[in-house]
Protein chains: 2
Amino acid sequence: MKKFTFLCVLLVHYIAFHIAIAQKRAPRNFPEYGFFLNKQQLYIQELLEFLRIPSVSASSEHLKDVQAAAEWLKNRMLGAGIPNVQIFQVGQYPLVYASIAAAVPQAPTVLIYGHFDVQPASVEDGWNITKPFKPRMIQDKIYARGASDDKGSLLSVVHAVEAILAVSQGRSPVNIKFLFEGQEEIGSPDLPNWLLKNRKLVQSDLLVSADGSMYSENTGSIVWGLRGAGAVQVNVTGPSHDLHSGGFGGVVQNPIHCLVHLLESMRYENGSIAIEGFYQGTRPITQKEKDLSRQSAKELETELSRLSGVSQLVGGESNHFDIVERLWFRPTLDVVGIWGGYTDQGIKTVLPANAYAKLSFRLVQEQIPEQVVEKVIQHVHLHCPVGCTCEAFDLGFHALPFESDPDMLGNQVLRETLLDIYQGEEPKYVRSGASIPLIGFIQKEFQIPAVFLAFGLPDENIHGPNEFYRIGSMDKARRAYVSFLYHLGERYQWERNAKKPEETPSVSVTATTSTSMKEMEMDHSEL
Amino acid sequence: MKKFTFLCVLLVHYIAFHIAIAQKRAPRNFPEYGFFLNKQQLYIQELLEFLRIPSVSASSEHLKDVQAAAEWLKNRMLGAGIPNVQIFQVGQYPLVYASIAAAVPQAPTVLIYGHFDVQPASVEDGWNITKPFKPRMIQDKIYARGASDDKGSLLSVVHAVEAILAVSQGRSPVNIKFLFEGQEEIGSPDLPNWLLKNRKLVQSDLLVSADGSMYSENTGSIVWGLRGAGAVQVNVTGPSHDLHSGGFGGVVQNPIHCLVHLLESMRYENGSIAIEGFYQGTRPITQKEKDLSRQSAKELETELSRLSGVSQLVGGESNHFDIVERLWFRPTLDVVGIWGGYTDQGIKTVLPANAYAKLSFRLVQEQIPEQVVEKVIQHVHLHCPVGCTCEAFDLGFHALPFESDPDMLGNQVLRETLLDIYQGEEPKYVRSGASIPLIGFIQKEFQIPAVFLAFGLPDENIHGPNEFYRIGSMDKARRAYVSFLYHLGERYQWERNAKKPEETPSVSVTATTSTSMKEMEMDHSEL
C-alpha cells in the first residue's frame, strides 16, 4: 500500500514536471522545499561548526582534525535519518560511507561524492578578513577555508536527503550511495586501491560530484571535463652545511643556482614544457572542442582577468593556444613552491646547503599521472648541474583527466534541474582546469559517468586566502539535490516504461546495470 | 719620574725583543702573561655570558639585544680600566667607543676594530649541538652563534688591554682607540656617514681588526686582501592573490617562473655573470698575485673541500680561473635565499601571488658596491618576464674591497707577533673571500692601513649552524694583543730614534701623522 502511494507521488511529480516544461519551465516545486522553510539559520550554524574543524589533509598534525570532520559528518548524516553511516580508515584518512535503498524497484543507483578535507591555510598567506578556521559571516558570505571547497556543497547534500527522507517517510526515489572522503586535497592517494578492493560499494549508474562549481550566481554549468594532476618535489643539495658566502662563494656550487638552472631547463622560452615525453598522451584540440570553448571564451577571459587581478593572461603556452584552450585542453607544469637559504629580514651572507621546489602539473586527454611523474623525475636526474646532488620524488597526488559527453543522460537530467534552480536560464557547457582525483579514476575503472552538482563559484578564492561561500548557494544546493534525485528517478522510470531500446538516450559512457540494494547491504556488512 | 720608568720598561722590552730575534725567536715573554694566569675559567664564563645575548643585527626584534651586547661590552671595558667608554647611537645601532692615551710622547695611534653583532641563526638551519644562543662547551670548543665571529676575539682585546693597564699602572705603550660596532653583519650601513662626520675619532696610524681569522691552529696568517660586498632583494609579483593552480594554471603567469627566469638570466653557462657592467672595476690578475695564491693553493683547496663537504669545487667561473684565484681575486653573485608559494608538507596546488630572492655579491679591486647594486637592479627591471612585475632594492650591505701591501710596516710588526705566538712558525700571506665593510671604507677615506689580528679559524662554521670557537684561541689572542701593542710601540720608537728618513720601512699605505690624545679627548667631549 505504501509502495503504491509512493508510486502515485512519483507519477504526480512526473506530470507536474512535464507541465512545467510545457509552461516554459516555471520552476518546479517539491514538497521538500517546504521542509527547508525557517531552517536557514540552523543550516548556517551547522556549516560554521563544520568549518571550524581544521581538516587539512596535507598536514600530519591535522590528521586528528580530518578524523574529527569525519565524525562530525557521520553524526550529522545519522541525524538526517541516513542509516548505517560508517567510517572506513583508508590509509591514514577516514572515509564516510553510507547507502539508502530506493523505495521503488529497479531504481537507478547514484553515487554522491564529496570531500570534507581542506587545503592548507595560514594567516601569512593573506587571510585578512578572518583566520582560516574562524569562520566569519559578512552579509551574504561565509569566509573560511573549505567553505566553498567543499564543505558548503557537501553539507547541502545531507540537508537535501534529510528532507526527502522526512517528507517521504524514509522513502527515496533512487538508490543512493554516499562516498565522502578526507584525502582529496592531497590527491586521494590511498583511495584507488581501496575502491578496487571494495568494488560493490562503488557500483552505480551515475556519479554525482558535490565538488565542483557553477558558472555564476545566476547561471548553472554542466562540466564535461576536468584536467588531471600530479606533483613532484625536488631537493637539491650542495655543501654539507650552510657556508659563509664570502669564504666559499665562487668556489662551492650554490644549490639555489642548481635548482634555478634545473627549473629553467623544464620550460622553453615560448612557454611549452621541455621535459622529454611530457606531452605523451596529448592530442590536437578537435574542432568541436574549439567551438565549445569559443562559446564561453570572451566571458571567461574577462572573468579570469578579473579574478586573478592581472591585466595580461600570458601563462603557459601563450603563443600557441587561445586562453580557454590552454585552460581546458592543455597540460601545465607549475612550480607551486620554492625555498632555500635565508628568507628572513635583511641579509645573511650564506651559501646554503639545500634548495627545494614543489612542482604540480595538470594533465589532459590520455596523459597518465604516474608516467608524467616518472618523466619529471628523470629530467631532474638528467639535468642536475655539476657540483649539486638532485633528488626528486612523487608527492602522491595523482588525478586522471576526466571527460564526458556533454549530452549524456546524466547531463540531460542535470540540465533539467539547473533550469529549475536558475529560473529557466540555460546552463553553460564548460570544462574546468582543476582536478578531482577520484572522478577520473572511477570513470576509467568502473565505467561510471559523472555529473557535477556543486555550488561553489569561481570567485570564491578556493585554495587561496579569504576563501568564502555564498549563503544563497546553500539554498540552491539543497533544492537542486532534491530536484535532481527526483528527476533522475523519474527519467529512469520513464526510460524503462517506454520499453523501447532504440529510444534510450544517447550517452557516451554509462553503466546499464543497476545495483540492487540487497547487494549493497551485503557488501556493507562484509567490511 | 713615572714617564722615565715607563720608557725604561719599553727599552728593556725592546732589547729583549732583539735578543729573541738573535736567538732564533724564542717566544718573547711579557709580564702581562703572568696577569693571565689562573684567569682562564673567568674569561670563559665571561665569553659564555657575552654569547648568550642574541645580538642579531639583521632582525628588528633583536635590536634590543644588540643594545644589550653594547652595554655588556661597555661595562666590561670599564671594568678593565679603560676610561670614558661611550655608546654612540649610529642609525638604529649602538657603537662602543673608547680611547687610551699612550704614556710616551709621539707614540703611534692604533684603532682597534671589532663587532659585537652576529649573524642570524635558528635551530632549523641545522644547529644540532646546541641552540644558537645557549652556548655549550664541549672539550676545547665553545659552540654558539658569534663565538668565532666575532665575540671571541673581541673579548680577548679587552682582556689584553686590561692586563697592560694593570701591569703597567695604567700606562699604555701606544695610543689606543676602540671602535666596536653593532651593524657589521648587515654591512655597517650607517657607519660610513657617521665616521665622516667624526673624523678625529677615527684618525690613527694603523687599524687592527679583531675580526678575521688565522690560517690554522698552529700557523698564523697575514691577511692582505678582502673582497667587498653588496646585496639586493628581488620581489616578483604575479596575480593579486594566491590562485588555484588548476583554475588558473597555464593562463596566469606564475611569479616563481618569472623569478627563476630572471635569476637564470644573470649567469652564463660557464659561470660568469651576465649582468651588464657587473665586472666594471675588475682587472686581470697580476703575476705577483698569481704567484702568491699558488703558494697556498694546494693546501687551501684541500681545506675548502674538507670544510664544505663537497668533492668538486666547481662554483663561480670554474672554467676560467683556478680555485684560489676565484676566491681571492674574482667577484661572485650568489642567491643566498629564495622563497615563494607553498613550502610546507605535502602539496598545495597553488599558483602563488609572489616570489622572492635575496642576492649577495662579492667584489674585488676597484668595484664599488653602490654601482654594482645599481647594475643588478637595472638587470631585474630589464629582464622581468611578461606577466609579472619585478622590483629590486638595495639591502644596504655595502663593503668596499680591501687590499694592502703584504710587506708594509703594520704587517711586519704583525709577523713578529705571530712568530712569537706560533713558536717561530712563519705566518702565511693570504687573502680572504669575505668582507668587513668598514675596513675598506676606512682605508679609502682615511688612508689608514689595516692589519688583521683575529683568532677565529676557517673550520669554525661562521655564518652557518654549529658555529664554534676554540678555547685555546682565547689565550693566543690576548697574548697576541699584548705582544702586538708593545712591538708596535717599540717599532715606532725605533723608527723615530733612528731619525733617518731614508730608512723608513717601505709601506704601501700608511698615515704619517700621529694624533695626539689631547685632540682625541676634545673630539670625545664634542659629541
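Residues numbered from 1 in each chain as written. Chains lettered and ligands numbered in written order. Predicted model: local features only at pLDDT ≥ 70, side-chain atom pairs only at ≥ 80, totals over all residues. Heavy atoms only, no water.

Some details on helix α13 (residues 409-421) of chain A
All names here are of chain A. Helix length check: α13 (13 residues) gives 19 Å between terminal C-alpha atoms against 18 Å at 1.5 Å per residue, within 8%. Counted residue by residue, α13 has 11 buried out of 13 residues, so it is predominantly covered. Among all positions in α13, only Leu-409, Gly-410, Asn-411, Val-413, Leu-414, Glu-416, Thr-417, Leu-418, Leu-419, Asp-420 and Ile-421 are buried. Downstream of α13 by one or two residues, Gln-423 has phi in the positive range, about 55°. (Helix = DSSP H or I, 4+ residues; strand = E, 2+ residues; numbered from the N terminus. Expected span 1.5 Å × (residues − 1). Buried < 20%, exposed > 50% of the residue type's maximum accessible area, 1.4 Å probe, protein only.)

A look at helix α4 (residues 63-79) of chain B
All names here are of chain B. The end-to-end C-alpha distance of α4 is 25 Å, a good match for the 24 Å that 17 residues give at a rise of 1.5 Å each. Where α4 is concerned, the buried positions are Asp-65, Val-66, Ala-69, Ala-70, Trp-72, Leu-73, Arg-76 and Met-77. Each buried residue of α4 sits inside an arc of 160° when the element is viewed along its axis, so together they form one side. Exposed and facing more than 90 degrees away from the buried side of α4 are Lys-64 and Gly-79. Each element contacted by the buried residues of α4 is listed here: α3 (40-51), β1 (86-90), β2 (93-100), α5 (147-167) and β6 (175-181). A positive backbone phi angle near 95° is found at Gly-81, which sits one or two residues after α4. (Arc of directions from axis to C-beta. Contact = heavy atoms within 4.5 Å.)

Focus: the side chain of Lys-476 of chain B
Residues and elements named next belong to chain B. Along the chain, Lys-476 turns up in helix α15 (residues 471-498). An unpaired buried charge is present at Lys-476: no salt bridge exists, and Glu-217, the closest side chain of opposite charge, is 5.2 Å distant. In contact with Lys-476, not counting residues within four places along its chain, are Glu-217, Ile-421, Tyr-422 and Phe-455. (Lys, Arg positive; Asp, Glu negative; His and termini not counted. Salt bridge = Lys/Arg side-chain N within 4 Å of Asp/Glu carboxyl O.)

What to know about the packing of helix α3 (residues 40-51) of chain A against helix α4 (residues 63-79) of chain A
Residue and element names in this part refer to chain A. Between α3 and α4, whose axes approach to 11 Å, the crossing angle comes to 155°. Comparing their axes, α4 and α3 come out roughly antiparallel. For the pair α3 and α4, contact is made by Tyr-43, Glu-46, Glu-49 and Phe-50 and by Ala-69, Trp-72, Leu-73 and Arg-76, respectively. Looking at the contact of α3 with α4, its residues break down into five nonpolar, no polar and three charged. (Axes fitted to C-alpha atoms, helices over the stretch in contact; angles between N-to-C directions. Parallel < 35°, antiparallel > 145°, perpendicular 65-115°, else oblique. Nonpolar A, V, L, I, M, F, W, Y, C, P; charged D, E, K, R; others polar.)

Description of the sheet that holds strand β8 (residues 221-226) of chain A
All names here are of chain A. Pairing is mixed across the open sheet formed by three strands, whose spatial order is β15-β8-β16. The outermost strands of the open sheet, each flanked by one partner alone, are β15 (402-403) and β16 (428-432). Of the strand pairs in this sheet, β8 and β15 are connected by two bridges, and their pairing is antiparallel. Opposite Gly-225, over in β15, you have Glu-403 as the bridge partner. Packing against the sheet, helix α10 (residues 287-308) makes contact with β8, β15 and β16, and its axis sits at approximately 95° to β16. (Pairing = 2+ DSSP bridges.)

Side note on the state of the cysteines
Residue and element names in this part refer to chain A. Within the structure shown, the criterion is met by four disulfides over all chains. The disulfide bridge from Cys-258 ends at Cys-388, spanning 2.1 Å between sulfur atoms. Its torsion about the S-S bond being 80°, the disulfide of Cys-258 and Cys-388 is classed as right-handed. Here Cys-258 is found in helix α9 (residues 255-264), whereas its partner Cys-388 is found in the loop between α12 (369-382) and β14 (389-394), with 130 residues between them in sequence. For Cys-258, a relative accessible area of 1% puts it in the buried group. Residue Cys-384 pairs covalently with Cys-390 via a disulfide, S to S 2.0 Å. Measuring the twist about the S-S bond at about 70°, one finds the Cys-384-Cys-390 disulfide to be right-handed. Disulfide partners in chain A, listed by the sequence order of the bonded cysteines, are 1-3, 2-4. (Disulfide = S-S within 2.5 Å.)

Notes on the packing of α5 of chain B against α15 of chain B
All names here are of chain B. One way to put it is that α5 packs onto α15 with a least axis distance of 8 Å and a crossing angle of 50°. With respect to each other, α5 and α15 are oriented oblique. In this structure, the crossing between α5 and α15 has a hand that is right-handed. Of the residues in α15, those touching α5 at Ser-156, Val-157, His-159, Ala-160, Val-161 and Ile-164 are Met-474, Ala-477, Arg-478, Tyr-481, Val-482, Leu-485 and Tyr-486. A breakdown of the residues in the contact of α5 with α15 according to their chemical character gives 10 nonpolar, two polar and one charged. (Left-handed = near helix turned anticlockwise from the far one by under 90°.)

Comments concerning the relation of the copies chain B and chain A
Once chain B has been moved 0.1 Å along the axis and rotated by 180°, it coincides with chain A to within an RMSD of 0.1 Å. Here the two chains are linked by the operation of a two-fold rotation axis. Within chain B, Trp-339 of chain B has its C-alpha nearest the rotation axis, a separation of 2.2 Å. Same-surface contact between copies: 99% of interface residues of chain B are shared with the interface of chain A. (Least-squares fit on C-alpha atoms with pLDDT ≥ 70 in both.)

With respect to the pairing of strand β13 (residues 354-363) of chain B
All names here are of chain B. Taken across its 10 residues, β13 has eight buried, putting it largely inside the fold. Alignment of strand β9 (residues 228-237) against β13, held across 10 bridges, turns out to be antiparallel. Paired with Asn-235 across the strands is Tyr-356, a residue of β13.

Topic: the UniProt feature "domain: Peptidase M20 dimerisation" (unreviewed entry) in chain A
As annotated in UniProt, the feature "domain: Peptidase M20 dimerisation" (unreviewed entry) corresponds to residues 230-384 of chain A in the numbering used here. The span residues 230-384 of chain A is 37% helix and 21% strand, and its two end C-alpha atoms sit 21 Å from each other. (UniProt positions renumbered as here; feature names shortened; annotations may be inferred.)

Structural notes on the packing of aromatic side chains
Residue and element names in this part refer to chain A. Per the stated rule, a full pass over the model turns up 34 aromatic pairs over all chains. Geometrically, the ring pair formed by Phe-402 and Phe-452 is edge-to-face, given 5.6 Å between the ring centres and 75° between the ring planes. Taken together, the residues Phe-402 in strand β15 and Phe-452 in strand β17 (residues 450-452) connect sequence positions 50 residues apart. By relative accessible area, Phe-452 is classed as buried at 3%. (Phe/Tyr/Trp six-rings, centres within 6.5 Å; stacked < 30°, edge-to-face > 60°.)

Side note on the side chain of Ser-435 of chain A
Residue and element names in this part refer to chain A. Relative to the helices and strands, Ser-435 resides in the loop between β16 and α14 (437-446). Ser-435 sits in the buried class, given a relative accessible area of 8%. Only 2.8 Å separates the side chain of Ser-435 from the backbone oxygen of Arg-227, close enough to count as a polar contact. Within the local environment of Ser-435, its side chain forms a polar contact with the backbone oxygen of Gly-228, the two atoms lying 3.2 Å apart. (Polar contact = N/O pair within 3.5 Å; in protein donor to acceptor, adjacent residues only side chain to side chain.)

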